Amino acid sequence: MPGIERLHLEEALEDSPQTRSLLGVFENDADILGKYAKSFHQCCDRIHRAQISSMQQVLATQLADSMMYPVTRFLHADLDEIQTMGEMFQVSTQEHEQAVAKYMKIPRKRDNEKQRFEGNEELYVMKKKFHQTALHYYSSLNAIQYKRKYAFLEPLLGYMHAHRSFFQLCNEAIVRPETEEMLSNISASVQGVHQEMNQEIERSVEFMNTLEHQCNHLYYAEPVGDMPYIPPNLNLTQKAGYLFMRSKTALFASSWDRSYFFIQGGNLMSQSKAEVAGGLVLDLNEEGLHAEPADADDRRFIFHIVAPSTKKTVILQAENERERDEWIATVNNIVKEGGYVKDKVLQPVKKRVASVSSKPKHDSPNEASRRRPHSITGIQQSHSSPTSPDRSPVDNFLYGTPIQFDMISPSDEGKSLNPKEGPPRRINPFDQSSDALAEEGSEEKEAAYCQTYVVRFLGSMEVAGDRGEALVHETIRQIMAARAIHNIFKMMESHLVITNKSLKLLDPANKNVRTEFALEDISYWCAHNENKRLFAFITRNKAGGGEQPTFACHVFECNATGEEICQSISGATKVAFHSLMERRSKQKMKVQEKELLLANINSLEDRLDEEDEASSLQLSPDGKFLVLDDKVDSTTEDELLDNTNGRLRCESEA
């Protein structure tokens, strides 16, 4: 329904001051709505109690069922539930704050494994409990926005229905065409709000389950067990999140306060949950300013921002190593963009050291950031190699490999491989079949096999092997986890055109070719075993100079099933294979015909040479007529001489 404001469920775990401010608006609205509903309930109760006659007892019963019951249900089942959930939300918030504070106080020098493990587990339980409570609380506040649309209309509607039944004898006064139209319109409106609310509740429940599943690894401050390692994004210029900042309280004493930090206009801002707006912490547009890791005996994951011109140092603590590295890189990137880096070279982020020996060995964040971002058509890495027979597909997965979420780099935007004339068009992919998605070009019309699907690009990354279902599933899991961690929900939609020659991704608006994969370079494809709308394929990037080829896995989401698209790719491969066999057979027949023709020509030349040796002619010494060689007898020479003299006489007479 247009005009219905909602709380964003995906921002519940972040719990920023802006979200808290919006949450306060919804809470105040629910309080005002509760007071109004109680007053309305009292008015309806007075109307109900005013019916005293025996004839009006029927009306009183109908009013109790159709007018009083909806208001009573709204008060006790909805508004009281909102109040109870609000109290639970405040309790879970306090417990989460205490768990975060307790975990962040774990010292570095006196590192107790048991204490750190218990603190991490407690933080996981409290953060998960807070997230679940916030999701249900936000969803209930969203639902109350729909219920307010009909909570006060249903009693009025029941009131009108009760009186219409009571005054059946007064059709001229009550039952009129305009009254029927009004009641039908109100009933249709209430039913429409009910349907939209039910649909919204279903979507909210599904979205809540998805968010809870995707954010399971975020409940831990540090990844544990077999959780995927997500490298820090060192190319950010904007970042926001909670940090602890050290401030001096006495001469030698200091305290750590948790605030929400964000970057706005080249300034580092901070804001507590109780504040309406943020305050300036540090101006990042200063010469020589830089951020780098720092050491502290009582805390971990410390970094400071140093401003030499103002002689100011801001000491901050992040929740984990990845957050610390991203904040350092973001601040340094802003300084670089402002042009304030001259002779001083910003210190790189320290290498990541694995604290648990059972974890797989990953590249450091700094090493991962120095890798060149790969394109969707090919990824080049020096350590990639084909699948070895003694390694499983998951062993071939390259942990710490950069993930590309955009199909085209910003420098390539606006460039197209196959532009068409005419203004761009908007195409609704859900109302069109695959044949009507786009006007096919001449290549697609001439292709022996062609299928078109609507897909959305999720990401691609380099893999070490060229095939394997487990390898593809692991790549999909890593990409989906990275999208959830970095809050990347936008996907680029394209039209996937599958022919017996290549796979093309077209822009839906203007049919420009975004990228193209030759069918011979696609080594493996499969759909996800749980989510049928996800599929991926592995491409081979041929390397020159005797180097090993590299492989990249590209993940997509489709409107159809992934198995259907994989079957289309298999069909295109079969058509291409049959065409290749036919061409080879034709070429083989042509070669055989050519060899037979050359043999016939050679034998014919040998026969001509023998005939020439038996009957060769030469000119006479005076050059007037032809004579045969010594193999020809004299009678033949006399006949030839007579024939020549006769031809000369005929020519003189003529």
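Note: the structure precedes this text.
About the criteria used
- Residues numbered from 1 in each chain as written.
- Predicted model: local features only at pLDDT ≥ 70, side-chain atom pairs only at ≥ 80, totals over all residues.
- Heavy atoms only, no water.
- Pairing = 2+ DSSP bridges.
- Helix = DSSP H or I, 4+ residues; strand = E, 2+ residues; numbered from the N terminus.
- Axes fitted to C-alpha atoms, helices over the stretch in contact; angles between N-to-C directions.
- Parallel < 35°, antiparallel > 145°, perpendicular 65-115°, else oblique.
- Left-handed = near helix turned anticlockwise from the far one by under 90°.
- Contact = heavy atoms within 4.5 Å.
- Nonpolar A, V, L, I, M, F, W, Y, C, P; charged D, E, K, R; others polar.
- Patch = residues over 30% accessible without salt bridge, like charges linked within 9 Å, V, L, I, M, F, W, Y side chains within 5 Å.
- Areas by Shrake-Rupley, 256 points an atom, 1.4 Å probe, with all protein chains shown as cover.
- Salt bridge = Lys/Arg side-chain N within 4 Å of Asp/Glu carboxyl O.
- Buried < 20%, exposed > 50% of the residue type's maximum accessible area, 1.4 Å probe, protein only.
- Phe/Tyr/Trp six-rings, centres within 6.5 Å; stacked < 30°, edge-to-face > 60°.
- Expected span 1.5 Å × (residues − 1).
- Polar contact = N/O pair within 3.5 Å; in protein donor to acceptor, adjacent residues only side chain to side chain.
- Disulfide = S-S within 2.5 Å.

(A) The arrangement of the sheet that holds strand β14 (residues 550-558) in detail. Within the open sheet, the 7 strands sit side by side as β11-β10-β9-β8-β14-β13-β12. Their pairing is antiparallel. What marks the edges here is a single partner per strand, and that holds for β11 (513-518) and β12 (522-527). Pairwise comparison of adjacent strand axes, ignoring direction, gives a mean angle of 30 degrees for this sheet.

(B) Region of the structure containing the packing of helix α1 (residues 17-49) against helix α3 (residues 113-150). Orientation of α1 relative to α3, taken along the N-to-C sense of each, is 50 degrees, at an axis distance of 11 Å. One element, α1, and the other, α3, form an angle in the oblique class. Remark: the crossing between α1 and α3 carries left-handed chirality. Packed against α1, whose contacting residues are Thr 19, Arg 20, Leu 23, Phe 26, Glu 27, Asp 29, Ala 30 and Leu 33, the element α3 presents Phe 130, Tyr 137, Tyr 138, Leu 141, Asn 142, Ile 144, Gln 145 and Arg 148 at the interface. The residue inventory of the contact of α1 with α3, partitioned by class, reads 9 nonpolar, 3 polar and 4 charged.

(C) Focus on a nonpolar patch on the surface. A contiguous nonpolar surface patch, about 270 Å² in accessible area, is contributed by Leu 597, Leu 598 and Ile 601. As for its placement among the helices and strands, Leu 598 is situated in helix α10 (residues 562-614).

(D) Quick look at the environment of Glu 564. In this fold, Glu 564 is placed in helix α10. Exposure remark for Glu 564: the relative accessible area of 36% places this residue in the partly exposed category. Considering only alpha carbons, one finds Glu 564 and Ala 527, 37 residues apart in sequence, at a separation of 8.9 Å.

(E) View of the packing of aromatic side chains. With the rule as written, the count across this model stands at 15 aromatic pairs. Between Phe 74 and Phe 152, the aromatic rings sit 5.9 Å apart at their centres with planes inclined by 75 degrees, giving edge-to-face as the arrangement. You can see Phe 74 sitting in helix α2 (residues 55-104) and its partner Phe 152 sitting in the loop between α3 and α4 (153-166), a full 78 residues away along the chain. Phe 152 sits in the buried class, given a relative accessible area of 13%.

(F) How the structure looks around the pattern of salt bridges. Per the stated rule, a full pass over the model turns up 26 salt bridges. One salt bridge connects Lys 127 with Glu 319, and the closest N-O pair in it is separated by 3.0 Å. Placement of Lys 127 in helix α3 and of Glu 319 in the loop between β7 (312-317) and α6 (321-337) is noted, with a sequence separation of 192 residues between them. The class of Glu 319 is partly exposed, set by a relative accessible area of 22%. Linking Glu 563 and Lys 532 is a salt bridge whose minimum nitrogen-to-oxygen distance equals 3.6 Å. Of this pair, Glu 563 sits in helix α10 while Lys 532 is found in the loop between β12 and β13 (534-541), placing the two residues 31 residues apart along the sequence. Taken together, the shared-partner salt bridges in this structure form one network comprising Asp 15, Arg 20, Glu 97, Arg 258 and Lys 273.

(G) Structural detail: α6. An ideal rise of 1.5 Å per residue puts 24 Å on 17 residues; α6 measures up with 24 Å between its terminal C-alpha atoms. Where burial is concerned, most of α6 is hidden: 15 out of the 17 residues are buried. One side-chain oxygen at the N-terminal end of α6 lies 3.3 Å from the backbone nitrogen of Arg 322; it belongs to Asn 320.

(H) Quick look at the sheet that holds strand β4 (residues 279-283). Taken together, the 7 strands give an open sheet; going across it, the order is β4-β3-β2-β1-β7-β6-β5, and neighbouring strands pair in antiparallel fashion. Unpaired on one side and paired on the other, β4 and β5 (290-294) mark the two borders of the sheet. When strand polarity is set aside, the average angle formed by the axes of neighbouring strands in this sheet is 40 degrees. Here α1 sits on the sheet in contact with β1 (240-248), β2 (254-264) and β3 (267-271), set at roughly 85 degrees to β2. Contacts from α6 reach β1, β2, β3, β5 and β6 (302-307), with the element oriented near 160 degrees to β5.

(I) A look at the pairing of β2. Relative to β2, β1 runs antiparallel, the two sharing 9 bridges. Considered in β2, the bridge of Arg 246 is made with Trp 256. Where β2 meets β3, 5 bridges bridge the pair, whose relative direction is antiparallel. Within β3, the position partnered with Ile 263 by the bridge is Leu 268.

(J) How the structure looks around the packing of α3 against helix α5 (residues 177-214). Put simply, α3 and α5 touch, their axes get as near as 9 Å, and they point 170 degrees apart. Put simply, α3 runs roughly antiparallel to α5. Touching Lys 128, His 131, Gln 132, Leu 135, His 136, Ser 139, Ala 143, Tyr 146, Lys 147, Lys 149 and Tyr 150 of α3 are Val 190, Val 193, His 194, Glu 196, Met 197, Glu 200, Ser 204, Met 208, Leu 211 and Glu 212, all from α5. Looking at the contact of α3 with α5 residue by residue, the classes come out as 9 nonpolar, 6 polar and 6 charged.

(K) Region of interest: α5. The end-to-end C-alpha distance of α5 is 55 Å, a good match for the 56 Å that 38 residues give at a rise of 1.5 Å each. Within α5, the full set of buried residues consists of Thr 179, Leu 183, Val 190, Val 193, Met 197, Glu 200, Ser 204, Met 208 and Leu 211. Here the buried face of α5 lies against α3 and α4.

(L) Local environment of the state of the cysteines. Taken as a whole and assessed by the stated rule, the structure comprises 0 disulfides. Of the cysteine sulfurs around Cys 553, a residue in no disulfide, the closest is that of Cys 526, at 7.7 Å.

(M) Spotlight on unusual backbone geometry. Even without being a glycine, Asp 15 presents a positive backbone phi close to 55 degrees. By the secondary structure assignment, Asp 15 is in the segment before α1. Even without being glycine, Lys 311 reaches a positive phi, approximately 55 degrees. Relative to the elements of secondary structure, Lys 311 occurs in the loop between β6 and β7.

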